[in-house]
Structure formats: structure tokens, C-alpha cells
Amino acid sequence: MEFAQPLLRMEGISKRYGGVRALEQAGLEVRGGQVHAILGENGAGKSTLIKVMAGVVAPDGGRMLLEGREVAFAEPAAAIRAGIACIFQELSLIPDLSVADNVVIDSPPRRFGMIDHRAQRRLAEEALARAGGEDIHPLAPVKDLPLSRRQMVEIAKALARKPRILILDEATSALTAADVAKIFAVLKRLRAEGLALLYISHRMQEIAEIADVCTVFRNGRNVATYEAGTKTLAEVVELMIGREYSHAFPTVAAPESDAGPPALEVRDLRWAERLRDISFSVRAGEVVGLGGLDGQGQRELLLALFGVTKGLSGEIRIDGKPTNIASPRAAKSKRIGMALIPEDRKTEGLMLPMSVRVNLSFAALDRLSRWGVVDRDAETEAIDEMVRLLAIRTDGVDVPVGSLSGGNQQKVVIAKWLMVRPRIILLNDPTRGIDIGTKQEIYALLRRLAESGAAILFYSTDYDELIGCCNRVLVLYDGAIKRTLVGAEITERALVASALNIAAGAEAGA
Amino acid sequence: MSDWRFRLAERRGTLIALALFLALFALYASKHPAGFTANVVQTAANKGALLAFVAMAQTFVVLTAGIDLSAGMIFTFTNCLGSYIVAGSTPTALLGCAGVLAAGLACGALNGLIVIYGRLQPIVATVASGSIFYGLALWLRPQPGNSDNFNSDIADFMTGRVFGVVPMSLVALFAVVLAIWIPFRRSTTGRAVYAVGSSEMAAYMSGLPIRRAKFWAYTLAGLFASIGGLYLSFITYSGEANFANGGTYTLFSIAAVVLGGVSLFGGVGSAIGAIFGALAFRTIGDLLFVFDLDPLYQPLFQGVVLLLAVCTGAAQLFRIRNRLDLFQ
């Protein structure tokens, strides 16, 4: 179907977060009666684009035309009024309210100024039925529903708004195959009714089934728009990764083959449907990467190893001995010697208003104190060593850590954990949002640590990093290890293909 | 049809508070030397209603996941104001009552504006504003006292009995629930209040009027605290700028909402539960009297009961599987 004028047109949209460019002169045309798929790897700018469209994020530049008229949304409510409904990943449901309350949340039916519960219930039941969620009781509180049902409620809520543009951002990620089939039937009907549908998913099979038009994003720009089915999967992967490649990494030396047991070994690890039968091992001197798209269980795996989760099944062996890691405190003990460099340094890594000194010694206070009193000399000595080793640029160690640049803050987080002299180092996307120079220092440090005998498990959303730093990469998909890439197999093409759970070089149309 | 199961679950906190109150009150009445008489009930109701109104005020704010530490001070201030302007002929005195309630609304609205536009944490904002309200109370009544022509007819009527049995204060509580709480609960603003308390981010993403919800929560809290203050004037015929009493009412109102099943994390509970929480909390204090225990034990005893009640609410934390969720 072709229409003269696009329903929504975005031109030259740019958005920066601090020093990171999320969108750079991006554009998109959305037409009624079409399913428009948006593709791109982690950080390509898909989510930011959607947030601009839904009024969650205000762009720094560019314009948006709705039926030819320029619009700007100051808040989500404005986008909703304009007929744009967005299905987020369980982000917008109110946990303590009932399903029916949630479905009609922005404009509940009213009688005499009060919410009409009977009419509300009818509307909610209709919307649930349209979305294929008849099994969900409208009076159930949302917080008691499993993830897949919540996602169905989210879809019903969007449908109840009677939108003209419906955005599905990884809306099927938590759904079962049967639910996806139901949702697709609904989407096809909505398409026939003339709605514009934007579909973001990493499941290439789904895109092949439902999309009419595809747009690929890379580095914050739309790089190609094509009619669905006109490109092979290999071509799509090529578009997603582009051709730039930087060799900014230290050489990866293969670890000496070691006869002893691995420093960390995991067998059949399972947790709450988020981790499925994960088995792998990391030897001393080895850097093992965790790859895959964001949110496939990598973070949960690191947290599970670090003793944060409860109800874990499977076995964790440290130096060949089965070990129960009950808490982060146990994980960092001398017996286990584990450290986790967290993803969000502001909430999980640092006490921002406190000094560099205090932050550096937090994790290692046990080692630096005698009879419960901190040995100031030992502390100063250890801190000086770390500041030197990581080349942390700071006006002395007594300034608040919050006054340092992002890259130096991240170095403090890493140094803080090196102070406990860990033998096993887990890193959760440690270079996100920091400058290239610091990144390279961190890569070099990782190699040095590995050479001095540490076992390193390294999650990164940046494929170049995995290629440049790791001896092996485990690619996760939906909470399970789908593929293990070793040495020269670690290429961007292989990483992207296995992250999308398609066989490398597959020639099926997408 | 399992509708009733969900409806019951939603009202669990309120029903538990009701059961707790009935059990405690039955014990109290059975041990009371005068027995279960209209007089005993009237006295208990008047005392309980004061805390119940302030607890309802606290409920509005707590539902938004905030806290109102000025509730007791609005209560004190409006009591002092009432002791002046509920005076003269009955029509003038009624106008005075309206003035007291308007003052309460204004205090609440001020809290709301500070929290919304000042972007201050509710705890800080209301400590500061509470101090202002107490200052106003002290300015009105440097010494406890009353107006020469205080209208005791209205006061006696509002603290008396209907048909010789039902305490008027209970009727007033019931009327307020019917006229304000239930319409609020069923309004879109009321729903937005619950949504903001449950998950402010999700409420924002759903395009709900967050500011309007918070504003009305604080404003209605001011109104309810002033109904309590007015009632104190009715009971005592006078006004007193008593700092300790204001502080006690603030803290007891928090205890009462917790007993009444209102979650301090916001988004869960009902003002009706808070009423029963307040009545139960009052009854705990009175029990010591009928059991001839030293009144000195009252805070200890109330504290133990409160702690036990709160512990049952914390039981759900055992279900958490990711320990990071504990800190959210």
C-alpha cells in the first residue's frame, strides 16, 4: 500500500546524553497500514528514537511532522493525546493497581464524575480479548502476574487507547510462542484497519513474518530503508555492523594450557526463568566475554555468581571445589576472591559525595584494618598504589569522587575492587559511556590482570571490545548460552548473527 | 467467578484492621467497669475520632509514597483557630467552622506546592511547614484559652449522641468517608494518587497528571487534619498550642495508617483502614486503664503492638529472589 503523505515523519533528529551521541540526524517515515520494523544492534539509537516519538525524551534538534503538521511532545501524555501509543517492556504498568485499572488508566470511563467500575471492567475485558489475553482476570493486581501476562496487559492497554500509531518496543520478548501468534493476528488486523505499526525486535523470524518495511539503524543514524523480503539476512547483518573497525586493542595472548581445575566453573545454572542451564568455565589468565543483545541474562548471570540472587540452582565451583556463594560479602572473601565491577557506577559502584579515598577502601576495609580500626598508613599506601596503577586523574584522594570525570570515576570503581586482590573478576559493561582514551587503558589493564593470573568474565555491549579483549565469547540469548566463539571465530559478523540467534551466513530473506 | 477473592485481597489490610479493632474493643468494653454503655462508647468514639481524622489526612499523603509530618501541627493550628472563630450565633459559628476547614485546605495546599514546585522531599518540606503552622498556632494562643462567646451548642451537638445511642463523632466520620473519601477513591485524581505512589515512573509513562495528584493528596490531607482540629475545639471548647500534642498526633497518625494496612511505600491501602487503625491504636491505650496497669506502660505497650503489626506486613520480603530488589 502506498499513501501520498506519511502519517509521521521525523527529520534530522539528534540527541546526546552527556558525551554520547545517541541519535545523529536520524529520520524516519511512518505510514498507515504498514508494519515498519526497526533494526539495529545495541546502542544504534532505536530506543532513543522511540522515546522521542513517545514524548519521553526531548530531542536536541530536528523536527517531527504528524500528518504534515509540526509537533513536539513535552511529555508522554502529549504523545498519547496525539494518538501515539507505545508498548514498553513492562515499564508503564502500575504494580499495585488491578489489570482493569491499568488498561484504562489514561481515560477511565466516568459517570457523574466518578470512575464507572462496571464500564471500566467491560472496556478492559474487550481490550484484553482483542489482545488475546482472555485468561487474565481484570481484577487481579498487576504485580501478581507473571511477566508474559503483564506484557499482554501492556498490549491491551495500548489498544484501549485506540491509537493511530502503535509502537512495539521488544513487546514480544517475554511472550510464549502461542502468545506471539495471537499478538500477530491482532497486529495484522490493526494493519488492515489502517494503523501505522512500528515494530522493534531482535527476533529476525518475527520480523520476517510481520514486517512490510524495514529500517536499519547504526550509530544513531538510519542507514537503510528497504521493503521487507528484499535483502538476505547476511546483507541485513552487514548493514547493522557497517564497515568501520578500529584496532585499538592489546594483543590477546592465549593462556598457557593449565592442567589444574579452572578458577571458576559453572554447571547447569538456573534462576527464575532468566537463566537457563548455563555451564562454562574460566581459567586463570583467561578473559571470557559475555556477548549477545542487551538483557538476555548477562547481568543476571553476573549477579548470580556474585551471590545477589536467591533460589539459584546448579553448581558453582571455585578452583574445582563446589562453593556456595551466599552474598557479595562472601563472594569477596579471601576463600572465593571474587569482585564484580557493576554496570551503573552511580548507584552500585560509588558513594558519589564521599571522597576518592573512602570510596577506594570500602570493599577492602577488612584487609586494611586491625581489630576493627582502619590502619591509615596501610590504607594510604594501598590507595597510592591504585591511583598510580590505574593512572586516576584527580586533585588528591580527598576530593569527592563525584567531581571526577566519568572515565576516572569508572577507574575508581575498578580500583576499589582491585584493592581486595580478587582472583576472579566479573565486569558488567564497564566501559559504557566513557571516553576512548580511558577505555583503552581499561583494556590494557584487563590484559595485565589476566597475565598476572586473574580469571576474568567480561560482559560488554560493545562488540569491538569483545573481539579485542577476549579469548572466548559466550553469546547469550534468552537466558541460555547459544554459542561459544573461540579465538579467530570472534568476529563482528559471528557475534551479531549469534546474538540474533540466526546461523551465521543464513540466506533466508528478512 | 473469583471476583470476591480479588476484592477481598484488595481490602485485606482494612479488614485486618477492622478485626483487630473489634477484638480490642470487645476486650475493652467487657472489662470496663461500666460495661458496654452508650457513655463508654461515646467517650471512646470522641477520642478515637480525633486520631482517625488525622490518620485519614496522613493516608492521602502516604498513598503517594510521601509522608506528612505537619499533620499534627495543622491539627493544632486549626484547633487554635477554631477556638476563636467558632463563636457567636449559630450561623456565624458555622461560618467559623467553614473558615477552619478553609485554613486546613490552605495549609495542605501549601505543603503540596512546596513538594511539587520546590522539589523537596516530603519529609523535609513538611517538617518545615509544620513548624510554621505551629508558629501560627502559638501566635493565636500563646496561652491555652477560649473565646468568650464560644458556640458550645454546635460543639455539644457534634460530640453528643444521635437518637441517644450513636456517637455523633462516628456519624461525622461516616459522613466524611461517604462525602469525600469514596468520591476521591473513585475519581481519576484518586486513581492517579495510587498510581504515583505505586510507581511514579510508570505513572509518568502512562501520561497521568502526577502534579495534580500530589497537589490534591496534600490539600485533602490539610482538610482532614483541620476536621480533626475542629473536633478538638468541639471537645475542649478551647484551643491550645501544645507542641508535644501536635507531634504525638503526627506520629500516632503514621502508626495508625500502618496498622490500617496503608503501605508506607505508597499505592496500597485505604482511609477506611486508617480509621480502624486509629481506633484500634486508641483502644490499645485504653486497655491499660481497664486492666488497672500503670499508664506509664502505655507507650511501651502501644509500641509492641505496632511492631508486631508491622512485622506481619514485612513477611512478603521473604519472597524476593533478587536481593537488589530489597533496596528499591
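Residues numbered from 1 in each chain as written. Chains lettered and ligands numbered in written order. Predicted model: local features only at pLDDT ≥ 70, side-chain atom pairs only at ≥ 80, totals over all residues. Heavy atoms only, no water.

Our next topic: the packing of helix α7 (residues 152-159) of chain B against helix α11 (residues 210-236) of chain B. Residue and element names in this part refer to chain B. Put simply, α7 and α11 touch, their axes get as near as 8 Å, and they point 105 degrees apart. Regarding the angle of α7 to α11, the classification is roughly perpendicular. Where α7 approaches α11, its residues I154, A155, M158 and T159 are matched on the opposing element by Y231, F234 and I235. (Axes fitted to C-alpha atoms, helices over the stretch in contact; angles between N-to-C directions. Helix = DSSP H or I, 4+ residues; strand = E, 2+ residues; numbered from the N terminus. Parallel < 35°, antiparallel > 145°, perpendicular 65-115°, else oblique. Contact = heavy atoms within 4.5 Å.)

Residues and elements named next belong to chain A. The sheet built from six strands is open, its strands ordered β6-β9-β10-β3-β11-β12 with mixed pairing. Of all strands in the sheet, those with a lone pairing partner are β6 (84-87) and β12 (221-227), marking the two edges. Averaged over all pairs of adjacent strands, the angle between their axes in this sheet comes to 20 degrees, without regard to strand direction. Pairing of β6 with strand β9 (residues 165-169), which is carried by four bridges, proceeds in the parallel orientation. Each residue of the ladder has a partner; that of I87, found in β9, is L168. Here helix α6 (residues 177-192) sits on the sheet and contacts β3 (34-39), β9 and β10 (196-200); the angle it forms with β10, its principal contact strand, is near 145 degrees. Sheet strands touched by helix α8 (residues 233-241): β3, β11 (213-218) and β12. Its angle to β11, the strand with the most contacts, is close to 35 degrees. (Pairing = 2+ DSSP bridges.)

A separate point is the pattern of salt bridges. Counting across every chain of the model gives 37 salt bridges over all chains. One salt bridge connects D3(B) with R121(A), and the closest N-O pair in it is separated by 2.6 Å. Of this pair, D3(B) sits in helix α1 (residues 3-10) while R121(A) sits in helix α4 (residues 117-131), placing the two residues on different chains. Taken as a pair, D3(B) and R121(A) share a single burial class, namely buried. (Salt bridge = Lys/Arg side-chain N within 4 Å of Asp/Glu carboxyl O. Buried < 20%, exposed > 50% of the residue type's maximum accessible area, 1.4 Å probe, protein only.)

Residues and elements named next belong to chain B. Running from N to C, helix α2 (residues 12-31) and helix α13 (residues 271-290) cross one another at 25 degrees; their axes reach a closest spacing of 8 Å. If you check the angle between α2 and α13, you find them roughly parallel. As for how α2 packs across α13, the hand of that crossing is left-handed. Residues T14, A17, L18, L20, F21, L24, F25, L27, Y28 and K31 of α2 form the contact with α13, whose participating residues are I272, G273, F276, G277, L279, A280, T283, I284, D286, L287 and V290. Looking at the contact of α2 with α13 residue by residue, the class counts come to 15 nonpolar, four polar and two charged. (Left-handed = near helix turned anticlockwise from the far one by under 90°. Nonpolar A, V, L, I, M, F, W, Y, C, P; charged D, E, K, R; others polar.)

The next point concerns a nonpolar patch on the surface. All names here are of chain B. Residues L27, F291, L293, Y297, L300, V304 and L308 make up a contiguous nonpolar surface patch of roughly 680 Å² in combined accessible area. Top contributing element to the nonpolar patch by residue count: helix α14 (residues 298-314), with three residues. Turning to its location among the elements, F291 is positioned in the loop between α13 and α14. Judged by its relative accessible area of 37%, F291 falls in the partly exposed class. (Patch = residues over 30% accessible without salt bridge, like charges linked within 9 Å, V, L, I, M, F, W, Y side chains within 5 Å. Areas by Shrake-Rupley, 256 points an atom, 1.4 Å probe, with all protein chains shown as cover.)

On the side of chain B, 32 residues touch chain A, which itself brings 45 residues to the contact. Buried surface at the junction of chain A and chain B, both sides included, amounts to about 3,100 Å², of which 61% is carbon and sulfur. Run the count over chain A and chain B and you get eight residue pairs in polar contact (both at pLDDT 80 or more). Taken together, the elements giving at least two residues each to the side of chain A that touches chain B come down to α2 (76-81), β8 (114-115), α4 and α9 (298-305) of chain A. Looking at the side of chain A that touches chain B residue by residue, the classes come out as 24 nonpolar, nine polar and twelve charged. (Buried area = accessible area lost by both parts, 1.4 Å probe. Polar contact = N/O pair within 3.5 Å; in protein donor to acceptor, adjacent residues only side chain to side chain.)

Note that every value here comes from positions in space, so none of it alone points to a role or purpose.
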